[in-house]
Amino acid sequence: MNTEKATPGRHFIRQIIDEDNRTGKWGGRVVTRFPPEPNGYLHIGHAKSVCLNFGMAREYGGVCHLRMDDTNPVKEEMEYIEAITEDVRWLGFDWGEHFYYASDYFEQMYEYAVELIKQGKAYVCALSSEEWKEYRGVPERPGRESPHRNRPVDENLDLFARMRAGEFPNGSLVLRAKMDMASPNLHMRDLVLYRILHARHPHTGDLWCIYPTYDYAHCLEDSIEGITHSICTLEFEVHRPPYDWILDQLGIHHPQQIEFARLNLTYTVMSKRKLLELVKEKHVQGWDDPRLPTVRGLRRRGVTPASIRNFCERVGVTKYDSLTDVALLEHCIREDLNKQAPRALAVLNPVKLVIENYPEDAEENFEAVNNPEDPSAGTRKIPFCRELYIDRDDFMEDPPPKYFRLAPGREVRLRYAGLVTCTDVAKDAATGEIREIRCRWDPDSRGGAAPDGRKVKGTIHWVSARHAGDAEVRLYDRLFTVEEPDAEADYRAHLNPDSLKTVAAKVEPALMEAGPGTHWQFERVGYFYADHVDSRAGSPVFNRTLPLRDSWAKSRERSAER
RNA sequence: UGCCGGAUGGUGUAAUGGUAGCACAGCAGACUCUGGAUCUGUGAGUCUAGGUUCGAAUCCUAGUCCGGCAACCA
């Protein structure tokens, strides 16, 4: 367990900050921001960015702002603003009083635009978007100047004011920066600063009918907030020149934009479009479906914030567009849950086991350890009687070599209870299905110890038929059957048909009281989460977070391949 | 075909001119009242070709391959 707090890698962003601090570039200040557009739910890729931005601020004694980048009212909604805020907080980060809306700066941005016009650096253009496509041209050759490029300043000022006043319909005019029509970077070819959008904004309401574009707005948001390190993903690299250009023209505080590679994970998709399709087309049950890589999905799956943070630290930060094996995430989840989750006994696929030499009317309690990784978690009593349930997988009539569990004539340990030997098995005459397994137990092994020190390889879990509760258990598996669904012609053709199986389980009494939102390890089975949406007192619903590592199953798979 | 970025074991990352290291995954073993956890061991890598240098993953040159960019999205 030496993974925790291993020396954090000096990734390139840390190196930049170190260098800035050394030269005194920002006077030792570190101000970052996480600027989501409130048009969708956060996923684990966003979580990487959240961890990076808040993480750097925390590490260097700075601050990180949470800012809604709400410059496009037709796509953004209040619902998302609340969800994002909640998710960032759930991930374990605190922005203090630094919660902002880009839209709060609209007036200031407008004034800066007027200034650019006065400087002769911006003009009102009447070209339609189709016409502009023509003028802008292709990367290989310079574009042509807009016929409105040299409109007099006064006229620009007048038109821009009237755009704001609502005199023109959507799309009729835009405000453009006068940059460089010959630039090989298309984003430097007189990009649009403002467009007309007669739309109600979730935060500013009907105050505006012109809205700034990303390129214009983002650098100003960063500048106004005094951001020092503006961290974003690789695809914004080509937007850095306009970012720098605008701030240079205005001569205002100029943060440094730094790009890093976004997170990609195997066996899932991460794009907003695909996530939306999965939800809309009902391939999953909602944005918080435990099979989704959304923050809410992971939460409902039973993934802890700590394991997500640890994972984000361990994937590192580079400019290389990589595909991270989901096994690393799973490792981080198990590592955390192994330490935290109390153990319990639950039988997912029950079959009855009768102990012939245990009296019908008797019962007793055995003491079980709550968490072998954490002695302070204490112990609990689990009831035992003549009739139990065990898992069907733990019995085989004709077992293969190295099968340590129950079989005719074989002895196994019932976890915490004692040793039993299988004497007989009753089957359904018609189907051949096993109805009941009969055993005799060794009273000297009461509690589980082998009385004479004899070796009993197998230990299986069980619940008392008389005392067991019924619980719905949802067995989740990866959503896709291929490592890289994004690389497929139609990612939907590779959905895993078995990504969810629901079973009726028999569980020990302690689990019937499991509070919604609690994490458990069902011994020998996996980690489970008492669903905070569907679980009710007395009728718990458990979502499987992950199965336990299973070297037996693995060796079976291997021999099956041969 | 223009510009920008990138390339280290299967995967992710470190080494910033001086022994290519770590983690995940894999394999083998030890231990175990969870076939869990833990512990030990182990295979596997610098895109290619030149050059500079006592010495190159690192610097230079040329090439190869991969990603991004042509919304009035962010």
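Below is a short write-up of the structure. Bear in mind that the values here come from a model prediction, so they are computed numbers and not experimental data.

1. Focus on the overall build of chain A
Next up, step 1: When you go through chain A residue by residue, the secondary structure sums to 14 helices and 25 strands.
Next up, step 2: Relative to its length of 562 residues, chain A is extended, with a C-alpha radius of gyration of 31 Å against a globular reference of 24 Å.
Next up, step 3: Look at the contacts in chain A between residues 6 or more apart in sequence, and 71% of them connect residues 24 or more apart.
Next up, step 4: Working note: accessible area of chain A is about 25400 Å², and carbon and sulfur atoms make up 48% of it.
Next up, step 5: Of the charged side chains in chain A, 77 are positive and 90 negative, and the gap between their average positions amounts to 3 Å.

2. A word on the pairing of strand E17 (residues 418-427)
Next up, step 1: Direction of pairing for strand E16 (residues 411-414) relative to E17: antiparallel, over a ladder of four bridges. Within E17, the position partnered with Glu411 by the bridge is Thr421.
Next up, step 2: Where E16 folds back onto E17 in an antiparallel hairpin, the turn is made up of three residues, including Tyr416, whose phi is positive at roughly 70°.
Next up, step 3: Pairing analysis gives seven bridges linking E17 to strand E18 (residues 434-441), with the strands arranged antiparallel. Within E18, the residue paired with Cys422 across the bridge is Cys439.
Next up, step 4: Hairpin connection from E17 to E18: six residues lie between these consecutive antiparallel strands, with Gly432 at a positive phi of about 80°.

3. Description of the sheet that holds strand E20 (residues 462-464)
Within a sheet, neighbouring strands are paired by backbone hydrogen bonds and run either parallel or antiparallel to one another.
Next up, step 1: Within the open sheet, the seven strands sit side by side as E19-E16-E17-E18-E12-E15-E20. Their pairing is mixed. Lying at the two open borders of the sheet, with one neighbouring strand each, are strand E19 (459-460) and E20.

4. Topic: the nonpolar core
Next up, step 1: Counting 38 residues, the largest nonpolar core has Phe160, Leu175, Leu193, Tyr194, Tyr216 and Leu220 as its most contacted members.
Next up, step 2: Listed by contribution, the elements that provide at least two residues to this core are helix H4 (106-118), strand E4 (122-125), helix H6 (153-165), strand E5 (174-177), strand E6 (192-196), strand E7 (210-212), helix H7 (214-224) and helix H8 (240-250).
Next up, step 3: A total of eight residues in this core trace back to one element, the largest contributor, which is H4.
Next up, step 4: Within the second largest apolar cluster, 36 residues are counted, among which are Ile81, Phe93, Tyr101 and Leu298.

5. Observations regarding the protein's contact with RNA strand B
Next up, step 1: Around RNA strand B sit 69 residues, and of these Gln15, Arg136, Glu140, Gly447 and Lys554 come closest.
Next up, step 2: Counting only atoms of RNA strand B within 4 Å of the protein, the fraction found in sugar and phosphate groups is 66%.
Next up, step 3: At 2.3 Å from a base oxygen of RNA strand B is found a side-chain nitrogen or oxygen belonging to Glu140.
Next up, step 4: Thr318 is positioned with one of its side-chain polar atoms (N or O) 3.0 Å from a phosphate oxygen of RNA strand B.

6. A short note on the packing of aromatic side chains
Next up, step 1: Here the structure, examined in full by the defined rule, presents 21 aromatic pairs.
Next up, step 2: Between the aromatic rings of Tyr110 and Phe160, the centroid separation amounts to 4.8 Å while the plane-to-plane angle is 15°, which identifies the pairing as stacked. Residue Tyr110 is found in helix H4, and its partner Phe160 is found in helix H6; the two are separated by 50 residues along the sequence. Comparing Tyr110 with Phe160 shows no difference in burial state: the two are buried.
Next up, step 3: An angle of 35° between the planes, with centres 5.4 Å apart, marks the rings of Phe384 and Trp441 as tilted.

7. Details of the packing of H7 against H8
Angle between the axes and distance between the axes are the two parameters that describe a pair of packed helices.
Next up, step 1: Following both chains from N to C, one finds H7 and H8 inclined at 60°, their axes separated by 9 Å at the closest point. Compared by their axis directions, H7 and H8 come out oblique. Between H7 and H8 the crossing geometry is right-handed. Judged by residue contacts, Asp215, Tyr216, His218, Cys219, Leu220, Asp222 and Ser223 of H7 engage Pro242, Tyr243, Ile246, Leu247 and Leu250 from H8.
Next up, step 2: The residue makeup of the contact of H7 with H8, split by class, is eight nonpolar, two polar and two charged.

8. Notes on the pairing of strand E15 (residues 387-391)
Next up, step 1: The buried fraction of E15 amounts to four of the five residues, a majority that puts the element mostly inside the structure.
Next up, step 2: Relative to E15, strand E12 (residues 350-355) runs antiparallel, the two sharing five bridges. Bridge pairing links Leu353 to Leu388 in E15.
Next up, step 3: For E15 and E20, the ladder comprises three bridges, and the chain directions are antiparallel. When the bridges of E20 are listed, Tyr389 appears paired with Val463.

9. Considerations on unusual backbone geometry
Next up, step 1: Its identity is not glycine, yet Lys282 carries a phi of approximately 65°, on the positive side.
Next up, step 2: A relative accessible area of 70% places Lys282 in the exposed class.
Next up, step 3: Backbone geometry at Tyr416 places phi at a positive 70°, although glycine is not the residue there.
Next up, step 4: Mapped onto the elements of the fold, Tyr416 is located in the loop between E16 and E17.

10. Some remarks on the packing of helix H2 (residues 44-59) against helix H11 (residues 305-315)
Next up, step 1: As a packed pair, H2 and H11 sit with axes 9 Å apart at the nearest point and diverge in direction by 80°. Classified by the angle between their axes, H2 and H11 sit roughly perpendicular to one another. Residue-level contacts link Ile44, Ala47, Lys48 and Cys51 of H2 to Ile308, Arg309, Phe311, Cys312 and Val315 of H11.
Next up, step 2: Of the residues in the contact of H2 with H11, the class split is seven nonpolar, no polar and two charged.

11. With respect to the sheet that holds strand E1 (residues 31-34)
Next up, step 1: Strand order in the open sheet made by the three strands is E1-E2-E3, with parallel pairing throughout. What marks the edges here is a single partner per strand, and that holds for E1 and strand E3 (99-101). With direction set aside, neighbouring strand axes in the sheet form an average angle of 35°.
Next up, step 2: In this sheet, E3 lies alongside strand E2 (residues 63-68) in parallel orientation, the contact comprising three bridges. Within E3, the position partnered with Met68 by the bridge is Tyr101.
Next up, step 3: Where H2 meets the sheet, its contacts fall on E1 and E2, and the angle it forms with E1 comes to roughly 160°.

What counts, and where the lines are drawn
Residues numbered from 1 in each chain as written. Chains lettered and ligands numbered in written order. Predicted model: local features only at pLDDT ≥ 70, side-chain atom pairs only at ≥ 80, totals over all residues. Heavy atoms only, no water. Helix = DSSP H or I, 4+ residues; strand = E, 2+ residues; numbered from the N terminus. Rg over C-alpha atoms; globule rule 2.2 N^0.38 Å. Contact = heavy atoms within 4.5 Å. Areas by Shrake-Rupley, 256 points an atom, 1.4 Å probe, with all protein chains shown as cover. Lys, Arg positive; Asp, Glu negative; His and termini not counted. Charge placed at Lys NZ, Arg CZ, Asp CG, Glu CD. Pairing = 2+ DSSP bridges. Core = buried A, V, L, I, M, F, W, Y, C linked by side-chain atoms within 4.5 Å. Buried < 20%, exposed > 50% of the residue type's maximum accessible area, 1.4 Å probe, protein only. Near = heavy atom within 4 Å. Polar contact = N/O pair within 3.5 Å; in protein donor to acceptor, adjacent residues only side chain to side chain. Phe/Tyr/Trp six-rings, centres within 6.5 Å; stacked < 30°, edge-to-face > 60°. Axes fitted to C-alpha atoms, helices over the stretch in contact; angles between N-to-C directions. Parallel < 35°, antiparallel > 145°, perpendicular 65-115°, else oblique. Left-handed = near helix turned anticlockwise from the far one by under 90°. Nonpolar A, V, L, I, M, F, W, Y, C, P; charged D, E, K, R; others polar.

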